[in-house]
Amino acid sequence: MTTTIEAARPDSRFAAPVLECRNIGKEFPGVVALSDVSLSIRPGEIHAFLGQNGAGKSTLVKVLTGVYEADRGEILVEGRPVQFRDPRDAEANGIAIVHQDQPLVAQLDVTRNVFLGREITRAGGVLDLTAMRAKTADALRKVGATFDADTLVAELSVAQRELAAIAAALVRKPHILILDEPTASLSDNEAELLFGIVRGLRDAGVTIIYISHYLDEVLDLVDRVTVLRDGKLVGTMDVGDTSRAGIVQMMVGRDIEQLYPKEAIPIGEPLLEVRGLVQGHMLRGVDLDVRRGEIFGIAGLMGAGRTELALSLIGALPRSAGTVTLGGRQSNPASPRAAKQQGFALIPEDRRHEGLVTDMTVRENLTLPELSRFSRVGIIRFRSERAAATSLVERLRIQPPNLNQLTRNLSGGNQQKIVIGRWLAGDAEVFLFDEPTTGVDVGSKVEIYKQMVELARRGAAVIFISSDFEEIAGMSDRIAVMHKGRINKLFQPGEATSETLLYWASGSGEGVNPDADTKVSLADDADSQMPSGTAVASAAEAAPPSVWARWGTIGGMVVVLALITILAPQFLSLNNIFDVLKQGSVLAFIALGLTVVLIAGGFDMSAGAVSQFTTNLAAGTMIAGMGSAAAIGLGALVGLLAGAINAALVLVFGMPAFVATLGAMFVAMGATLLYNGGQALTLSNQPGFFFIGQGYVGPVPFVFMLLLIATGVLHFVLKHTRLGLRMYAVGQNLVAAELRGIGRARYATASFMIGGLVLGLAGVVLASYAYGASALATGIDFLISALAAAFLGSTFNRAGELNVIGTVIAALFLASLSNGLILIGISSQALPGIQGLVLILSIALGVIHKRGIGQVLIF
Amino acid sequence: MSNSSISKSQASSASAIGFLRDYGAILGMIVVLGIFWYLKPAFLTAGNIENVFRQSAIVMIMALGLTIVMKMRGVDLSIAQTADAAGLIAAMLIIAGYPVWMAFAIPLLFGLVVGLVNAALMAYVGVPAIIGTLGMMFVIRSGELMATNGAEPQILFTLPRGVTRNFLWLGQRDFGPFAALIVLAIVVFLIVFIIMRYTRFARYAKAVGSNVRAAFLAGIDIRMTFGSGFVIAGVLAALAGVALVSRTGIAMPRGAEPFLLDAFAAAYLGTLASRQGEMSITGTLVGALFIGFLSNGLTLLGLGAPYRYALNGGFILLAMAIGALKRKT
């Protein structure tokens, strides 16, 4: 990786820039994110981008790595103008990035994650795992990682994921490595290790762009700094020529003097007391006292734990330790609803995704949390609701004053005023304002400040969280500064300035905890109690099942089979076993096809119906005397076609997979009935064709051998080729895949078509096994059996991911279950129900710890 | 439609396109019905229309529950099976000589229980609704098969009139000048319409459907709200099942299953009636009526189940494609 860099460090300041930006401009609707930014990076230096939240650092980095295209200006790499259309263009030019939140595919191992998007392959797209593993191990050694290249990413800690992400950047042999907030989730010790690695890379000749909020680490680490503010370049300088205070001055700047409508309000008795609050690894012991009438500022940079503090106060995040009392009473709300009843009100950080319901009108949003005040026996009293909303609109000066406008179309300031206004109708006592003024115009800002003062005057405790240090200094009484999950400084009223706040927030002073954070928590324990809903695909995608779930299902299956054997010993006779294998194989084929579609994040309601259609076609072809080859060929072709149609509906029309395949299912069922005219198509005297489903090679059913071959082929394709790897990646973490330049369309289409092919062939096998096609529309029966097999199979895997081997084992288990129940004398009529229960249970085991609700996000 | 064709005569074609976008689908439905009328004038006789209304009533009752669930981004695949089992229970109770009120109350209770179990699974355990309700559908089916000893039909119309008259009144007789079944459908529609327009539940449901995270942080009991949808769907499905058996006088195990398709088609076709392509209660009513006329027309033309399946599936896809285009423009 290092051999290609010839520039030696001492000369670097005179060398030609390795990367240059000229007059870069980038706008988003309504926001100028970057304007006229020009800078040059010297070879072999560590160059920091500094700036407050919203200064444009992230946008600049995304432009440099091809995630965004700049509206204006040009980028030069080693003097050549370049155009980056996607991240792979940037990689091809030697620029690699380690993203802030380490977007990795949790269910894949480190090797596959590291090489995703840049796989080493042999002929035919077959992954060269040996070479990839060796290089991954090499890269991991370079970054000082102690874990193995075969470890699943899901099993890594946050710090280890960071190392894996850096390793992934290193194998791309970058000339320029961009690190975006690499220490945001690391403890001090881990960060120290990371700096060593970064210096080592620099000494090996890699140019490094380092983005951070934490000034101290930057000053120790980097050679030059570039400061951005409000999308503009403030300046670039050698770190030796500047000081901490100078940089702070540049970052904060001298904005036009803002008038803060702060008023002196008599401070009342203490209302909220927080003692030793711990939340995962984001809050590491927070103590607070907030009084009535006080605006208590919490200053902190992104990742300091401010939002986690707010969410754990209102019960939206589980607390790990600590006590909270509100007005002398213990407060440990189980949900925001309970917190609301105790008197908490949250104005969340991300107003579009967490605050507003943008599909609802101004009136509906304004009254949402306190709706019970405007209703009687569950019926909304529209008149009083409208009156309340009208008075809020006037009080907050929401423009336009139209109650029935959808909030989606309002400006940021008006949206934020609505989110605040929602709580004003109630009698909340503790108001948590989390970054209330980001992306808000000046007029609305003043309005928001005035509401905070008004609430304080009413005797409420106002907690004001912000990373805009000027406003927090201007509006707050006391101010606590948070850094890495702790409060490291408490300012008394009037003491703080934006400079001192930034100084403390970026990690200086004696408040920094000296003792090492040895406790490294797993990433998923910080998961919110209530993320958005759970898609079907992500049900299987989620964090790996607990050991209990994994071995529990296998143990349960063994127990069931053992019970059957005890009650009906003939169950284990060789004849019966081969019988079961024969019966189970047909179902397993359908389940295989469905699994392939599910793996890439699709869903296929039409799986069973398509198979049944090709069963009929195959039977018809045989009756017409065209022979087995024609039947097989037709089945394969129709299956492929069905997959292609499904893919087109989903990708071209943007239809949710559920609806598209539901429609396709009914079309396929109709086509089947049209074709067979509602009659069974019975075959006789077709020994060659029947051999597929009914023949034996020695004692072994031929269809079972076919199944093993098909499973082997699919397993190989999915696990050992580039195509399969990318299908998994797209299905499990689309964001991560796209950041590696892997688009969804191609791999989703591939999965629909491969799945369709398997389903089509499964239909042919069924025709042979059943001596023709039955007249019943059994498509949906096949579907549930196949779903049960696929999801049950996913619980065997250590990552809890869908996989063809698990699917086949589960399908065969379901077949032996049905066989066994009949042997015992239990009616086969119970079987669908048992399959249904198996399906529900195998999913429930995987999702119950996530505490979500079962919304379907695929339509 | 390509951009160039729009730019030629921008103003007039843009408004024409706008008109087509808003009302094209409704016009399309009317055209389809017009074709049936042209081919079979009997299609639009009063007697046939009443017949269609009765048929649509059952689809609509089922589809309304489904619509409520789907507006919250859930789905309930168990409704048809619930209806099936509820009808079966009603028929078995009548045959076993239980009083008529029990033949109505116990199936509804059954629907309530199914809905509660669904609610627990989806809203409290977090099982994805497609999986959970599909599983529930099969559990119910097993129960039915075992109760009827392998799908023996429960025939009411061969029983003495005295036994069945009161039960069959709902599906076959009149309430005042109107068919009782149509009156029931109107009452159910009005109740659901009022619930989904004037109650707190409706507001919460809308919030859960459009932004569950924001609803949660605003202190709404999202689990209760989401779960309630399944309870409503279960009860309405059971009601539809009883009404179906009362209309036909026979409970065929698995006989109500095709209604699942009809209910989905009605709900999705209903999205055509809204400007944003959203599901709505009135839209579902329109959709259910159209589905009723469609299958009736196909039957009159001598085209059976295969065409019904294929056309319904095709209409679902068409409705979604039009919805996608609406949102794009």
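Under the annotation held in an unreviewed UniProt entry, chain B carries the name ABC transporter permease and is attributed to Tianweitania sediminis. Within the UniProt record for chain B, the comment given under Subcellular location (unreviewed entry) is "Cell membrane".

An unreviewed UniProt entry lists chain A under the name ATP-binding cassette domain-containing protein, from Tianweitania sediminis. Word for word, the UniProt comment on chain A under Sequence similarities (unreviewed entry) is "Belongs to the ABC transporter superfamily."

1. Description of helix H11 (residues 222–248) of chain B
With 27 residues, H11 of chain B extends 39 Å from end C-alpha to end C-alpha; this agrees with the ideal 39 Å at 1.5 Å per step. Downstream of H11 of chain B by one or two residues, Gly249 of chain B has phi in the positive range, about 75°.

2. With respect to the pairing of strand S3 (residues 46–50) of chain A
All names here are of chain A. Most of S3 sits inside the fold, with five of its five residues counted as buried. Along S3, one buried face is formed by Ile46, Ala48 and Leu50 and the opposite face, lined by His47 and Phe49, is buried too. Inspection of the sheet shows S3 paired to strand S10 (residues 207–211) by four bridges, in the parallel sense. When the bridges of S10 are listed, Phe49 appears paired with Ile211. Bridge analysis of S3 against strand S11 (residues 224–229) gives four bridges, and the strand direction is parallel.

3. A closer look at the confidence of the model for chain A
Residue and element names in this part refer to chain A. Scored by pLDDT, chain A comes out at a mean of 84, with 91% of its residues at no less than 70. Low pLDDT, under 50, characterises residues 1–12; the predicted model gives this stretch 15 contacts beyond four residues in sequence or across chains. Long-range and interchain partners of residues 510–545, a stretch whose pLDDT sits below 50, account for 96 contacts in this model, where long-range means more than four residues apart.

4. Re the interface of chain B and chain A
Interface size is commonly expressed as the accessible area that is lost once the parts come together. The interface of chain B with chain A comprises 71 residues on the first partner and 88 residues on the second. With both chains or domains summed, chain B and chain A bury close to 6,600 Å², and 71% of this area falls on carbon and sulfur atoms. On the surface where chain B and chain A come into contact, there are five salt bridges. Among the salt bridges present, the one from Glu364 of chain A reaches Lys206 of chain B, with a minimum N-O distance of 3.2 Å. Connecting chain B to chain A are 14 residue pairs in polar contact (both at pLDDT 80 or more). Mapped by element, the contributors of at least two residues to the side of chain B that touches chain A are helix H5 (100–125), helix H6 (129–147), helix H8 (180–198), helix H9 (200–210), helix H10 (212–217), H11, helix H12 (258–270) and helix H14 (305–328) of chain B. With 14 residues, the top contributor of residues to the side of chain B that touches chain A is H6 of chain B.

5. Some remarks on the sheet that holds S10 of chain A
All names here are of chain A. The six strands lie next to each other as S6-S9-S10-S3-S11-S12, forming an open sheet whose pairing is mixed. The strands lining the two open edges of the sheet, one partner per strand, are strand S6 (95–98) and strand S12 (232–238). Strand-to-strand twist of the sheet, defined as the mean angle between neighbouring strand axes without regard to direction, takes the value 20°. Sitting on the sheet, helix H6 (residues 188–203) touches S3, strand S9 (176–180) and S10, and the angle it makes with S10 is about 150°.

6. Focus on the sheet that holds strand S18 (residues 344–347) of chain A
All names here are of chain A. Strand order in this open sheet of six strands is S18-S21-S22-S15-S23-S24, and the pairing throughout is mixed. With partners counted over all chains shown, the strands left at the sheet margins are S18 and strand S24 (486–491), one partner each. Here the strands of the sheet are splayed against their neighbours by 20° on average, with no regard to which way each runs. The pairing of strand S21 (residues 430–434) with strand S22 (residues 461–466) spans five bridges and is classified as parallel. Within S22, the position partnered with Phe431 by the bridge is Val462. Of the strands in this sheet, strand S15 (295–300), S21 and S22 are in contact with helix H15 (residues 442–457), which crosses S22 at around 150°. Where helix H17 (residues 498–505) meets the sheet, it contacts S15, strand S23 (479–483) and S24, and its direction lies at approximately 35° from that of S23.

7. Some thoughts on a nonpolar patch on the surface
A cluster of nonpolar side chains, Val377 and Ile379 of chain A together with Ile186, Leu190, Ile194 and Tyr198 of chain B, forms an exposed patch at the surface whose accessible area comes to about 560 Å². Looking at the nonpolar patch element by element, the count peaks at four residues for H8 of chain B. You can see Ile186 of chain B is positioned in helix H8.

8. Structural notes on the nonpolar core
Judged by nonpolar contacts, the single largest core of 333 residues is most densely connected at Leu177, Leu272, Phe658, Phe689 and Leu787 of chain A together with Phe264 and Tyr268 of chain B. With 14 residues, helix H20 (residues 574–599) of chain A is the largest single contributor of residues to this core. For Phe689 of chain A, the contacting residues outside a window of four places in its chain are Ala618, Met622, Ser628, Ala631, Leu683, Val764, Ala767 and Ser768 of chain A. Judged by nonpolar contacts, the second largest core, of 26 residues, contains Leu34, Phe49, Ala55 and Val82 of chain A.

9. Focus on the UniProt feature "transmembrane region" (unreviewed entry) in chain B
Residues and elements named next belong to chain B. Per the UniProt annotation, the sites labelled "transmembrane region" (unreviewed entry) are residues 20–39, 51–69, 89–114, 121–140, 175–196, 230–250, 285–303 and 309–325. Regarding residues 175–196, the helix share stands at 77% and the strand share at 14%, and the terminal C-alpha atoms are separated by 27 Å. Annotated as residues 230–250, this span is 90% helix and 5% strand, and its ends, taken at the C-alpha atoms, are 27 Å apart.

10. So, the domain arrangement of chain A
Residues and elements named next belong to chain A. Domains assigned within chain A are domain 1 (16–94 + 174–251), domain 2 (103–172), domain 3 (270–513 + 520–526) and domain 4 (536–850). Between the C-alpha centres of domain 1 and domain 2 the distance comes to 25 Å. Taken residue by residue, the interface counts 12 residues in domain 1 and 12 residues in domain 2. Taking both sides of the interface into account, the surface hidden between domain 1 and domain 2 amounts to around 1,000 Å²; carbon and sulfur atoms contribute 68%. If you sort the residues of domain 1 by the area they bury against domain 2, Glu91, Pro174 and Ile197 come out on top, with a joint share of 43%. Scanning the region where domain 1 abuts domain 2 turns up two salt bridges.

11. Some points on the pattern of salt bridges
Using the criterion set out here, one finds 41 salt bridges over all chains in the structure. In this structure, Arg306 of chain A engages Glu349 of chain A in a salt bridge whose closest nitrogen and oxygen atoms are separated by 3.4 Å. Of this pair, Arg306 of chain A sits in helix H9 (residues 306–313) while Glu349 of chain A sits in the loop between S18 and helix H11 (351–355), and the two are 43 residues apart along the sequence. Taking relative accessible area as the criterion, Arg306 of chain A reaches 2% and is therefore assigned buried. A network of salt bridges, in which partner residues are shared, links Arg363, Glu364 and Glu385 of chain A together with Arg203 and Lys206 of chain B.

12. Let's talk about the confidence of the model for chain B
For chain B, per-residue confidence averages 86 on the pLDDT scale, and residues scoring 70 or more make up 93% of the total. In this model, residues 1–10 of chain B is a region of pLDDT below 50 whose contacts with residues beyond four sequence positions or in other chains number five contacts.

13. Looking at the packing of H9 of chain B against H11 of chain B
Residue and element names in this part refer to chain B. With their axes 9 Å apart at the nearest point, H9 and H11 run at an angle of 105° to one another. Taken as axis vectors, H9 and H11 run roughly perpendicular relative to one another. Residue-level contacts link Phe201, Tyr204, Ala205 and Val208 of H9 to Ile222, Thr225, Phe226, Ser228, Gly229 and Ile232 of H11. Class assignment of the residues belonging to the contact of H9 with H11 gives a composition of seven nonpolar, three polar and no charged.

Criteria and thresholds
- Residues numbered from 1 in each chain as written.
- Chains lettered and ligands numbered in written order.
- Predicted model: local features only at pLDDT ≥ 70, side-chain atom pairs only at ≥ 80, totals over all residues.
- Heavy atoms only, no water.
- UniProt positions renumbered as here; feature names shortened; annotations may be inferred.
- Helix = DSSP H or I, 4+ residues; strand = E, 2+ residues; numbered from the N terminus.
- Expected span 1.5 Å × (residues − 1).
- Buried < 20%, exposed > 50% of the residue type's maximum accessible area, 1.4 Å probe, protein only.
- Pairing = 2+ DSSP bridges.
- pLDDT = per-residue confidence, 0-100.
- Contact = heavy atoms within 4.5 Å.
- Buried area = accessible area lost by both parts, 1.4 Å probe.
- Salt bridge = Lys/Arg side-chain N within 4 Å of Asp/Glu carboxyl O.
- Polar contact = N/O pair within 3.5 Å; in protein donor to acceptor, adjacent residues only side chain to side chain.
- Axes fitted to C-alpha atoms, helices over the stretch in contact; angles between N-to-C directions.
- Patch = residues over 30% accessible without salt bridge, like charges linked within 9 Å, V, L, I, M, F, W, Y side chains within 5 Å.
- Areas by Shrake-Rupley, 256 points an atom, 1.4 Å probe, with all protein chains shown as cover.
- Core = buried A, V, L, I, M, F, W, Y, C linked by side-chain atoms within 4.5 Å.
- Domains from an automatic or database assignment.
- Parallel < 35°, antiparallel > 145°, perpendicular 65-115°, else oblique.
- Nonpolar A, V, L, I, M, F, W, Y, C, P; charged D, E, K, R; others polar.

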